[in-house]
Amino acid sequence: MPSDFAVIGRNVSKRFRLYHERPRSLKERLVNLRGARFEEFWALDDVSFEIERGESYAIVGANGSGKSTLLKCLAGILRPERGEISTHGRMASLLELGAGFHPDLTGRENVFLNASILGLTKKETERVFEEIVDFAELEPFIDMQVKHYSSGMYVRLGFAVAVHVDPEILLVDEVLAVGDERFQRKCLDRIDTFKHDGRTIVLVTHAMDMMRRVATRAMFLDKGKTVIEGPPLDVIKSLRQTLHGESHTESDIGEERGNRRIQIHRVVIADGDGAQRQVFRPGDDLQVIIDLEAQEPVDDVMVGIGISDDRDLILGTNSELQARPLGVMHGKTRIRFTCHNLPMQDRRYLMTVGVTSKDSGTIYHWQERFYSFICERTGLSDGILDIPVTMEVEPL
Amino acid sequence: MTGIARPEASERLPEGERPGSFVRYRELLGNLVRKELKIKYKNSALGFVWSLATPLLYLVVFSVALTSLLGQGMPEYYFFLLSGLLAWNLFSAATSASTSAIVNNSSLVTKIYFRREVLPLSAIGAALVHFLLQLSVLVGAMLILQHYRFWDAGLVLLPLAVIVQVLLLTGMAFVLTTANVYYRDVQHLLEIALLAWFWLTPIVYSTSLVSGRPTFWRFYLLNPMAPIVLGYQRALYSRVVDPETGRALLVDAPVGWYAQRLGYVALLATVILAFGWMLFRKLDGRLADEL
């Protein structure tokens, strides 16, 4: 009977040795007979998990928390000292896009080589070759040596090959933070398709938005130990408290509700040109790009955003206040709010996005303080607002 | 353990280690060999011609310049030399390339899981392709220059010697490529060792120089490359005795003696391979840590 689990890890521990003076050659080894002095540390300490088939599992944590080590153990690249990992199903890992591309070979040659390293036969690769090239959008360049590729092209080809290996389990390590926004969206769509096909995804990330979007369950690792494992929202809360030392007691932070007749599919906080951004300076424009999806026509719709700090609402607006009634919504819709000349500084702000009926009586989808961005200080003034100030001095 | 079906042994292995995936790895091996060859000749106008040009050049240089110096009157000394060099080139090219195979591909080893054996094996594979090209040049030259003597019973030693040599190379590759991950100077030490090893092997000189002293000769034959090179020479050069002077050019013994010597080397090679394989398997999971 096939197991319902795609990946099972039991008491997995991985030790690394930090060498002080490592003899890297036989010569040194012979001269220095004492042997190497090293400190041991456990990058993973007794971590257990069970990932069901079809689950999207996120592993989060700060740098050095062991999350990438865990992913490498799952991929079979590293072997844990203790514990046991068993995987069921064909696995492909996107630990580094284009790993194994050889600069002197053409795109075409690299596709075949990379695919065979990832476990495809030549026949299987030939069958998906056109799709790979199409997906990477590299048709005119495919017979060019990849050393002449831009880094974006390189990464696109790497991603295209990896996702066409057709794995049952996909391991992803933050690689999605590459390419332009359009290609990122394409990658995310592809990952969504994976999810819908009932495949298993294990994702390592520190982008909370990413985790919220993709994961069905998550694990928070800190110093190699599991802090919490469970629904993404619980994990995010715990993560925020640890990472930012925040002690939000309000229960509504990061919460979602609504009947989902219209779904918030994706929210991007971007600069005035639509490029994703986290950090702003006073005077910048900020765009909130909201992708909505309605499975059936809905005629009573209002979309709104709210920006707040730890306590207060700084700005709230919606399609009615903006006098842009939305009419009937069906299928996918993108809505963009642009906030001009941000006056705030020196704080982290939280963004709420909501879709409701016009009288706010019915909530379709509400994401309370779900997203965040940071406003930096200009240094021209103190306080939370940077209102342009001029100063004159005249003798009297 | 309730609720979780205990997976079958084969199911617990990563995909790549299941028996059915052998075809995939054979293909991967082929692709890696092709990659090695492509890269080597990618930016050269003549491409593969180069690997043919080298032995041809040797043929010309040695026949014209060195025959009188080194040949000591050996008939067709250049064919004697090239038979031995053919074997040696395969040996030194394959050992050097396979020793650094894992370290040179560290970006792959630390990022993607696949059977790492294919890396040293593909290095040997690429060297074998060169070897076959050079062999065809040599045989071609022998036919053109009407050196038909190799067409005798000794020819069976050629496939035998090649097989034994590949066995030896594979075993050494596993030991050396693993050692080189831990101690990076193994590849440099190997180069020095190869230089000495070359002169301990009867390539430029005839064994008749050393076979006269029984004790020395016994130790001399412990060098696994000596019987292998002798096998190539017996098969291709195949002049055992100089008809004019009656002097032994190779070892004056029946083909069976050569085969028996190759058999001993095969035994040794099997032991090395078994040891190398165990070492490689044991340390395989740690390789990514050390890179």
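## Digging into the overall build of chain B
Then step 1. Counting its regular elements, chain B contains 12 helices and 0 strands.
Then step 2. Counted from the first residue to the last, chain B has its helices and strands arranged as α-α-α-α-α-α-α-α-α-α-α-α.
Then step 3. Taken across its 291 residues, chain B has 40% of its residues classed as buried.
Then step 4. Across chain B, the fraction of contacts at a sequence separation of at least 24, relative to all contacts at a separation of at least 6, is 80%.

## Side note on the environment of Thr245(B)
All names here are of chain B.
Then step 1. By secondary structure assignment, the location of Thr245 is in the loop between helix 11 (225-236) and helix 12 (255-290).
Then step 2. On the neighbour-count criterion, Thr245 (10 C-beta atoms within 10 Å) is exposed.
Then step 3. As a C-alpha pair, Thr245 and Gly73 span 172 residues in sequence and 9.9 Å in three-dimensional space.

## Details of the sheet that holds strand 11 (residues 262-271) of chain A
Residue and element names in this part refer to chain A.
Then step 1. Pairing is antiparallel across the open sheet formed by 3 strands, whose spatial order is 11-13-16. The sheet is open, and its two borders are formed by strand 11 and strand 16 (329-339), each paired with just one other strand. Along the sheet, successive strands turn relative to each other by an average axial angle of 15°, direction set aside.
Then step 2. By the bridge criterion, 10 bridges tie strand 13 (residues 286-298) to strand 16 in an arrangement that is antiparallel. Across the sheet, the residue bridging to Leu292 is Thr333, located in strand 16.

## Structural notes on the sheet that holds strand 7 (residues 200-205) of chain A
All names here are of chain A.
Then step 1. Spatially, 5-6-7-3-8-9 is the arrangement adopted by the 6 strands of the open sheet, whose pairing is mixed. Across the chains shown, the open sheet's two edge strands, defined by having one partner strand only, are strand 5 (91-94) and strand 9 (225-230). Direction aside, neighbouring strands of the sheet carry axes that sit 15° apart on average.
Then step 2. As defined by bridge partners, strand 3 (residues 56-60) adjoins strand 7 across 5 bridges and the pair is classed as parallel.

## Some details on the interface of chain A and chain B
Then step 1. Listed per partner, the contact involves 37 residues of chain A and 33 residues of chain B.
Then step 2. Sorting the residues of the side of chain A that touches chain B by element identifies strand 1 (5-21), helix 1 (26-31), strand 4 (82-87), strand 5 and helix 3 (107-117) of chain A as the ones contributing at least two each.
Then step 3. Looking at which element gives the most residues to the side of chain A that touches chain B, the answer is helix 3 of chain A, with 5 residues.
Then step 4. Of the residues belonging to the side of chain A that touches chain B, the class tally is 16 nonpolar, 12 polar and 9 charged.

## Here we look at the confidence of the model for chain A
Then step 1. Chain-level statistics for chain A give a pLDDT mean of 82 and a share of 90% at 70 or above.
Then step 2. Across residues 246-252 of chain A, where pLDDT falls below 50, the model places 5 contacts with residues more than four positions away in sequence or in other chains.

## Considering unusual backbone geometry
If a residue is not glycine, its phi is most likely negative; likewise, a peptide bond is most likely trans.
All names here are of chain B.
Then step 1. Of note, the phi angle at Glu76 is positive, near 50°, even though the residue is not glycine.
Then step 2. The residue Glu76 is located in the loop between helix 3 (49-70) and helix 4 (77-99) in this model.
Then step 3. The class of Glu76 is partly exposed, set by 18 C-beta atoms lying within 10 Å.
Then step 4. Residue Ser238 is not a glycine yet carries a positive backbone phi of 55°.

## Let's talk about the pairing of strand 14 (residues 302-308) of chain A
All names here are of chain A.
Then step 1. Of the strand pairs in this sheet, strand 14 and strand 17 (residues 347-356) are connected by 7 bridges, and their pairing is antiparallel. Along strand 17, the bridge assignment pairs Ile305 with Val353.
Then step 2. Relative to strand 15 (residues 313-318), strand 14 runs antiparallel, the two sharing 5 bridges. Across the sheet, Gly304 pairs through a bridge with Asn318, a residue of strand 15.
Then step 3. In this antiparallel pair of consecutive strands, strand 14 and strand 15, the connection spans 4 residues.

Quick notes on the rules
Residues numbered from 1 in each chain as written. Chains lettered and ligands numbered in written order. Predicted model: local features only at pLDDT ≥ 70, side-chain atom pairs only at ≥ 80, totals over all residues. Helix = DSSP H or I, 4+ residues; strand = E, 2+ residues; numbered from the N terminus. Buried ≥ 20, exposed ≤ 12 C-beta atoms within 10 Å, placed from the backbone. Contact = placed C-beta atoms within 7 Å. Pairing = 2+ DSSP bridges. Axes fitted to C-alpha atoms, helices over the stretch in contact; angles between N-to-C directions. Nonpolar A, V, L, I, M, F, W, Y, C, P; charged D, E, K, R; others polar. pLDDT = per-residue confidence, 0-100.

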